[in-house]
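# Observations on the three-dimensional arrangement
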Amino acid sequence: MNVEAKLIDIDDYIGKANDGSATPVTVAFGDGIGPEIMKASLKVLIAGGANIAIEPIEIGEQLYRSGNTAGIAPESWDSLRRTKVFYKAPITTPQGGGYKSLNVTVRKSLGLFANIRPCVSYDPFIATKHPIMDVVVVRENEEDLYAGIEHRQTDDVYQCLKLISRPGSEKIVRYAFEYARAHGRKKVTCFTKDNIMKLTDGLFHKVFDEVAAEYPDIENEHWIIDIGAAKLADTPEAFDVVVMPNLYGDVLSDVAAQIAGSVGLAPSANIGAQCAMFEAIHGSAPRRAGQDMANPSGLLLAGVMMMAHLGQRDVAERVHNAWLKTIEDGLHTYDIYKDGVSKEKLGTRDFADAVISRLGETPQRLAAAVYDQNSKPFAVPEATPRTPAKKELVGMDVFVHSTAPVEELAREMKTAESELVELAMITNRGVKIWPGGLPETFTTDHWRCRFLAREGKQFNKAMVLDILRQLTGAGVDFVKTEQLYTFDGEPGYSLGQGQ
Ligand code: NAD
């Protein structure tokens, strides 16, 4: 079978109609090194016994340049909705404005809320400072600063909205624990910055603690992201499964992949309730395109994750072990080749053929991959329905564009006071400036002015409009408002620093 497998014409296979027995998979060949590494990866998977039918779609640079700002043709969504499985090579996003990130579009449109990135070191066969490393980064994929809601509000100040939801946090944290349980992992660590972002990251941490209590068989811990990231980069062997909000996960999964050996080796799975997408974490490496040099390993290992996801766990195990054996035999692409460690430098196609030749073999020194053939995929978690809290309006923050001294601004804002509401404070970039600020504090042209109900009075919606009407009359340039609520008596807003 091995010799024959090498002879597979992958172009023929890609064009082959499905006789009904194979699982359809939507495949995008991408840009730059994408087509080469995708063909190499598919060839190995098919030789390894993958029973898939390939539905090719076009994405990426050509579409972008033809005026499609999303980088994906409308009809491609039909294929994705039908197959529900997307095997995607990297694409080139043209420089300059107007082009939307295809990855973000696909993840959000298909509800792929969980991004799973195993980061493993292969010491001594691939150079790494961390010989013992086997960390799985579970990154929330849809929320946080990636909601993409940004505004310029004044000459000086731009804003990006960080959105963290309870259902979003619960789904990803629960996924991390379910993943840990299904893969025999011992510990789940949560990273947040909730000492600063007490409401948003605070919610993520709180949900983590609640969900962790339901998994007493799995150890849990929380680290503040800064020292946690330092620890991960220094002592990755202290971590097992790590779960975090979107931005931290984006950064740290690349760090984890790189310190394991190379970003070129790391796969990623994007999982949703209905659909899933599998890809390498690296980009399209345009400078290496068309030279038969690129390492297909990241994409191939993503394909291995896809096989496990499709229930073809025997294929996943066979291909994974053949790949490990190839690495162990010192057959390496240029990016991981090292004199004295590697035996032979191979191009993309020869590397794929080397893996195919080892199908059926297992590594001798690296730990062999074992995929429990009887295990069932765990259900993708859903958020627990909750009864809404008692929500009460207690005030309003008015954000103002102003270059006037703060005392003058306070005088203007006070024109909106009444026997019901008063101006409670003014902050600049979160720091209290009025009343009683420090002269040393640097200020910009973007001010937050907080109105609260006077002692014994109740704030209501009509006051919001009254305040804005008064401020309009006074010529105040307000750029946005935020209503202040309590939820079951708990303030749903932060205090000013120094308040
Ligand atoms: P890149 O990952 O393409 O390349 C970074 C470096 O790693 C380069 O030196 C490259 O030669 C090397 N490299 C990457 N993958 C390799 C592989 N498989 N084998 C050998 N060497 C490899 O990152 P970049 O240069 O910042 O981005 C290039 C393009 O890719 C950009 O247009 C970017 O937007 C895009 N990109 C796409 C994705 C994606 O589609 N998922 C992800 C990241 C970047």
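Criteria and cut-off values
- Residues numbered from 1 in each chain as written.
- Predicted model: local features only at pLDDT ≥ 70, side-chain atom pairs only at ≥ 80, totals over all residues.
- Heavy atoms only, no water.
- Domains from an automatic or database assignment.
- Contact = heavy atoms within 4.5 Å.
- Buried area = accessible area lost by both parts, 1.4 Å probe.
- Salt bridge = Lys/Arg side-chain N within 4 Å of Asp/Glu carboxyl O.
- Buried < 20%, exposed > 50% of the residue type's maximum accessible area, 1.4 Å probe, protein only.
- Helix = DSSP H or I, 4+ residues; strand = E, 2+ residues; numbered from the N terminus.
- Pairing = 2+ DSSP bridges.
- Axes fitted to C-alpha atoms, helices over the stretch in contact; angles between N-to-C directions.
- Phe/Tyr/Trp six-rings, centres within 6.5 Å; stacked < 30°, edge-to-face > 60°.
- Parallel < 35°, antiparallel > 145°, perpendicular 65-115°, else oblique.
- Left-handed = near helix turned anticlockwise from the far one by under 90°.
- Nonpolar A, V, L, I, M, F, W, Y, C, P; charged D, E, K, R; others polar.

## Some details on the domain arrangement of the protein chain
Partitioning the protein chain into domains gives domain 1 (3-357) and domain 2 (391-491). If you average the C-alpha positions of domain 1 and of domain 2, the two centres end up 45 Å apart. Of the residues lining the interface, seven residues belong to domain 1; the matching set on domain 2 comes to seven residues. In total, about 630 Å² of surface goes out of reach between domain 1 and domain 2, with carbon and sulfur atoms giving 52% of it. Of all residues in domain 1, Gln153, Thr154 and Val157 give up the largest surface area on contact with domain 2, accounting jointly for 62% of the area buried on that side. Our count for the domain 1 to domain 2 interface comes out at zero salt bridges.

## Some thoughts on the pairing of strand β5 (residues 134-140)
With respect to burial, β5 is a largely interior element, six of its seven residues being buried. Sheet topology note: the strand β4 (residues 114-120)/β5 ladder contains seven bridges and is antiparallel. Bridge pairing links Arg117 to Val137 in β5.

## Thoughts on the sheet that holds strand β17 (residues 431-434)
The six strands are arranged β17-β16-β18-β15-β19-β20 in an open sheet whose pairing can be described as antiparallel. In the strand order of this sheet, the two ends are held by β17 and β20 (490-491), each with one partner. The pairing of strand β15 (residues 391-401) with strand β18 (residues 446-453) spans seven bridges and is classified as antiparallel. For Val400, the partnering residue across the bridge sits in β18 and is Trp447. Set on the sheet, helix α14 (residues 406-414) makes contact with β15, β16 (421-428), β17 and β18; between it and β16 the angle comes to about 150°. Against the sheet, helix α15 (residues 461-473) makes contact with β15, β16, β18 and β19 (478-487), and its axis sits at roughly 15° relative to β15, the strand it touches most.

## Some remarks on the packing of aromatic side chains
The final tally for this structure, using the stated rule, is eight aromatic pairs. A centroid spacing of 5.7 Å and a plane angle of 85° characterise the contact between Phe191 and Phe239, whose relative ring orientation is edge-to-face. Linking Phe191 in strand β8 (residues 187-192) with Phe239 in the loop between α9 (225-234) and β10 (241-244), this pair joins segments that are 48 residues apart in sequence. Neither Phe191 nor Phe239 differs from the other in exposure class; each is buried. Each residue in the set Phe177, Phe208 and Tyr215 is aromatic and connected to the rest through ring pairs, giving one cluster.

## Section: the packing of helix α11 (residues 297-309) against helix α12 (residues 313-328)
With their axes 7 Å apart at the nearest point, α11 and α12 run at an angle of 155° to one another. Considered as vectors, α11 and α12 are oriented roughly antiparallel to each other. For α11 against α12, the interelement crossing comes out left-handed. Two secondary-structure elements touch here, α11 through Ser297, Leu300, Leu301, Val304, Met307 and Ala308 and α12 through Arg313, Val315, Ala316, Val319, His320 and Trp323. Along the lines of polarity and charge, the residues of the contact of α11 with α12 split into nine nonpolar, two polar and one charged.

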